[in-house]
Each structure stands twice: as C-alpha cells, then as structure tokens.
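Descriptive analysis of the structure
Below are the chains, spelled out letter by letter.
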Amino acid sequence: MEMVEKRLGNLMERTFIMLKPDAVKNGHIGNILAHIQKEGFKIKGLKMLTLSNHDAKQFYKVHSARPFYNDLCSYMASGPIVAAVLERDNAVLHWRDVIGATDPKEAKEGTIRKLYAESKEANAVHGSDSVDNADFEISFFFKNYELV
Ligand code: IDP
Ligand code: MG
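What this report covers is the structure whose coordinates are included nearby. (Residues numbered from 1 in each chain as written. Chains lettered and ligands numbered in written order. Predicted model: local features only at pLDDT ≥ 70, side-chain atom pairs only at ≥ 80, totals over all residues. Heavy atoms only, no water.)

**Some remarks on the side chain of threonine 111**
With respect to the element layout, threonine 111 can be found in the loop between α6 (91–99) and α7 (112–116). Judged by relative accessible area, which is 8%, threonine 111 ranks as buried. For threonine 111, the side chain forms a polar contact with the main-chain oxygen of lysine 108, separated by 2.6 Å. With near-sequence residues (within four places) excluded, threonine 111 lies in contact with Asp97, Val98, Ile99 and Gly100. (Helix = DSSP H or I, 4+ residues; strand = E, 2+ residues; numbered from the N terminus. Buried < 20%, exposed > 50% of the residue type's maximum accessible area, 1.4 Å probe, protein only. Polar contact = N/O pair within 3.5 Å; in protein donor to acceptor, adjacent residues only side chain to side chain. Contact = heavy atoms within 4.5 Å.)

**Quick look at the pattern of salt bridges**
For the structure shown, the criterion picks out six salt bridges. Taking the shortest distance from any N to any O, the salt bridge between glutamate 87 and arginine 14 comes out at 3.0 Å. Placement of glutamate 87 in strand β3 (residues 81–89) and of arginine 14 in strand β1 (residues 12–19) is noted, with a sequence separation of 73 residues between them. Residue glutamate 87 is classed as buried on the basis of its relative accessible area, which comes to 16%. Between glutamate 146 and lysine 47 there is a salt bridge, with the nearest N and O atoms lying 3.2 Å from each other. (Salt bridge = Lys/Arg side-chain N within 4 Å of Asp/Glu carboxyl O.)

**Structural notes on the sheet that holds β3**
The strand order across the open sheet formed by four strands is β2-β3-β1-β4, and the pairing between neighbours is antiparallel. The outermost strands of the open sheet, each flanked by one partner alone, are β2 (42–49) and β4 (125–127). Sheet twist, expressed as the mean angle between neighbouring strand axes with direction ignored, is 20°. Sheet analysis places β2 next to β3, joined by seven bridges and oriented antiparallel. The residue of β3 that forms the bridge with lysine 47 is alanine 83. Lying over the sheet, α6 contacts β1, β3 and β4, oriented at roughly 35° with respect to β1. Seen against the sheet, helix α8 (residues 131–141) touches β1, β2, β3 and β4 and runs at an angle of roughly 55° to β1. (Pairing = 2+ DSSP bridges. Axes fitted to C-alpha atoms, helices over the stretch in contact; angles between N-to-C directions.)

Below you can see the structure in the form of structure tokens.
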C-alpha cells in the first residue's frame, strides 16, 4: 500500500495560477475556486494580494519584448489578485485546458475564460505554461511554509 501511494504521489504535479484583477473585481472568486475543486485539483497554497508594478514586471519578464507587456503589467497591478498553487496529475496541461484560449472570444464553451473573462488582456486567470515555469512562478509568490 505504501508503495502504491508513493507511485501515485510521484504522478502529482503542481501548477501556479492567478485569478486576475477582473475576476476578483467581478466577484468570481467563489465560482472559480469551485471549478478548481470540481476538476480534482488540491489547493496547496492560496493568498490574495495586490502586485506592485515592479513585481508584475518581474513576474512577466519573459514577455518583456511583447507589445502588450507594459499594459499587461499595469493591468496586473491595478487591483487585488488571488494567487494559488494547485496539485493533481498533469496539473499544468490540465489547467490550461480548463481555462481555455488566451482570448475569451476563442475559448471553448465551459472554459473559465469563456465563462468569466472580460477581454484578451483581462482574461480572468493565469496558468503556468510548463513545469519549469510553474516552479519559478510558485517560488515567486510562495515560501515553502506557505504550501500545505
Ligand atoms: P496565456 O495567459 O494564455 O499563457 P500569454 O501569451 O502567455 O497567454 O500572455 C500572457 C498574458 O498577456 C495573457 O494572459 C493576457 O492577459 C495578456 N495578453 C496576451 N496577448 C495579448 C494581446 O494580444 N493583447 C493584450 N493582452 C495580451
Ligand atoms: Mg502564458
């Protein structure tokens, strides 16, 4: 039994997510957390905070050459966000499926962005795009003792 648990444990993966300022402002925290739990994710860390512009720029520095970078960083610093660490098998890709395309107009029915996003920029949620980036993003927001 212990062996089986160990092997199952190894399949678990973590991803980093945010509920962006539009999702918080529009009162979607509860619905999105319910969606997360319905999809079988365990919440390993959770906090609400407001990013400074400087922190947003650090977090999104991979996008610093993209034309939307400055607007995106100001937007992400414009109001409270919820940051969370989620765990399940295949967490990174599964969360990307659950949230849908970057532009809510292109997101499939039933995805979080289709349900709750305002626009391509104010698109309700963030999700890490790889396991390596998830590790960086988790450590950007959470100390080890803040993860259960
Ligand atoms: P993703 O969040 O679906 O991974 P990325 O391409 O990594 O999308 O872009 C990061 C974030 O930058 C998006 O979630 C969105 O908020 C914003 N963004 C991306 N493309 C555009 C754009 O063309 N116009 C405005 N904002 C954008
Ligand atoms: Mg991305």
